[in-house]
Every structure is written in C-alpha cells, then in structure tokens.
Amino acid sequence: MTHDHPVAPARGASRPFGRLLTAMVTPFTADGSLDADGAARLAHHLVDEQGADAVVVNGTTGESPTTTDAEKERLIRVVVEAVGDRARVVAGVGTNDTRHTIELATTAEKAGAHGLLVVTPYYNKPPQAGLLRHFTAVADATGLPVMLYDIPHRAGVPIETETLVRLAEHGRIVAVKDAKGDLMATSWVTSRTELAYYSGEDALTLPALAIGCVGMVGTSTHFTGALTQRMIQAHEAGDTATALALHRRLLPLYTGIFRTQGTILVKAGLAAKGLPAGPVRPPLVEATPAEVAQLRADCAAADLALPE
C-alpha cells in the first residue's frame, strides 16, 4: 500500500502529514503498565494493514491524561523506531498549561517525533488572546510542524476563525485537526489560509473533503483505515460514487465507535482481533458485554466483522 507523506512538511504543503492519520490507543499490559512491544506491533498494523500515513501517539485516544511524561517519551521512541521510516509519527503534547506543553513538545522533538498535535487548553477556558499566545509559544519552542486540535466540546472553547487565521501566519503551524463540527467555519478558514485541514470527526470526513480538507485523523480507523484511505483517494480522483458508497458503508462504525468513549471500544475491538490493547486506565472503565455486542453489530453493519 502506498503512503503519501512529504519528507519535509512545511507551511503551504497540501498534505503535510499524508491523507490518513490514526490516533493510536496506548497498549498496556495486564497490570496496567506501558506495553512497549505491543505499541510497536500496533503501529506496524496501523501503517502496514490499515493504510495509515501517520500515527498520532499520546493523544486523548492514547489516554494521555493518565500516562506519565516518561511513558509519553518512551512511546514516541518506540513508535518512531517501529514505523518512522515509512510513516510520520505525530506526538500529542497538548495540556492546559503552556509551560508543560512546551516541555512535552521539546521532549517529543528529541525523541524523534515528526510533528506535534496541540489541543486547545481545556477546562480553564482561556480567551482567544490566550489561545493565540499559547499556540504561538509552543510553535516557537521546536522546529517541528504543528497541527492544532480544535475540539470545543471537550476543551470548552473553540479556536475562533480570526484566531486560526492569525495562527496560520506562523511558519510551523501547518495543519488543523478539526473536531468543531462546523463546516461553515471550516470553509472560511480554508478559504483564507493555507492550513491543511484534517477531519477530526470520522463521520464528517467525506463532507469535509468536499470543502477543502485534505484528510482525516481517525479513531475508527484502527478498523476502517484501509477503506477510509480508499474513500479519500476516490474523492481525490473524482470518483464521487465510490467515495460515497464507502462513506455509507463505514458510517455504522464511524459513529458506533463513539457510542461510549472511543478508546474503550477501540481497545475492546483490538482485543477481539488479537491485537495489542490491554486494559484502560481509570477513570475509564472496560467495555461492558452489551457494549461489545453493539460494537460487533456496528462492525458487521460496515462489513468488517470482529472475530468471535
């Protein structure tokens, strides 16, 4: 499977991290410690079998709120060693503390990450001037390209259009993971900047592509990745009928993976497939039998049945 990831992402690159990124879960061992070998195996699977051009480690899907800074660094190094020769490794470094975020960013750069994912500072609800200062300070701290993560329903505040336009002037802020769910706002930003927009909501990927997004940062793509890659490529080739058919086929899983917290169901599905996952860390809890049964039904509806 071919992947599209430019050697040197730069501002204005049409697709600085490829088409398809998967926000990878962090495998743990039975006792809850980091499963480094499992992380390497899972990264191989996502790139080689599921078509990921890049993997995001230490994102919220990777349970970043409950992994230590040392575990985060270790995970980056392991995944870079495993797949960094053929896929980009993007490190989630976002926190609600600018100083801590900068520390994580500089560590990620030293560990070999190819880019940074920086989420809107959450809970403390900074004003737009605070967001501008925060993201600029992080982008100034390393030489890595930065993807902003705009997810107001979790962060509590959006990155407003005018703020995004100003941030786009920074040479290392090159992309946005867009989980705002506001295609009009997305249209305005993509029409006024060279930011590469990636859909951060699996089910909105196809409509997002239609208004100028270049790809997707997915969660369901632990399972739907290869077909999602085909959907994006079909859209780019002008084969809208194939793209729409794949969108409709995958919709049950694009949405079903979020029936409860996405990490919980991804780990349940990976376990069913015999892939590295392990338990979740509190305050998350394991999927219930009913939730696993519903996940199986959603997978079957997408013609991607889980092993019994």
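Computed from a prediction, not measured in an experiment: that's the story for all the values here.

Rules of the game
Residues numbered from 1 in each chain as written. Predicted model: local features only at pLDDT ≥ 70, side-chain atom pairs only at ≥ 80, totals over all residues. Heavy atoms only, no water. UniProt positions renumbered as here; feature names shortened; annotations may be inferred. Helix = DSSP H or I, 4+ residues; strand = E, 2+ residues; numbered from the N terminus. Contact = heavy atoms within 4.5 Å. Salt bridge = Lys/Arg side-chain N within 4 Å of Asp/Glu carboxyl O. Buried < 20%, exposed > 50% of the residue type's maximum accessible area, 1.4 Å probe, protein only.

### Some details on the UniProt feature "active site" (unreviewed entry) in the chain
Under the UniProt annotation, the feature "active site" (unreviewed entry) is placed at Tyr-149 and Lys-177. These residues run over 29 residues, yet every pair of their C-alpha atoms falls within 4.7 Å of each other. With respect to the helices, strands and loops of the structure, Tyr-149 is situated in strand β5 (residues 146–150). Contact partners of Tyr-149, with chain neighbours within four places excluded, come to Thr-60, Leu-117, Val-118, Val-119, Thr-120, Ile-159, Lys-177 and Ala-179.

### Section: the pattern of salt bridges
Two side chains of opposite charge can pair, provided their charged atoms sit close to one another. As enumerated under the stated definition, the model contains 12 salt bridges in all. For Arg-86, the salt bridge identified is with Asp-85, shortest N-O distance 3.0 Å. Taking the relative accessible area as the measure of exposure, Asp-85 reaches 65% and is therefore exposed. Where Arg-249 meets Asp-303, a salt bridge forms, and the shortest distance between an N and an O atom there is 3.8 Å. A residue pair is termed long-range when its members are at least 10 positions apart, and Arg-249 in helix α10 (residues 240–256) and Asp-303 in the segment after α12 (289–301) qualify at 54 residues. With a relative accessible area of 57%, Asp-303 lands in the exposed category. Connected through shared salt-bridge partners, Arg-15, Arg-19 and Glu-236 make up one network.

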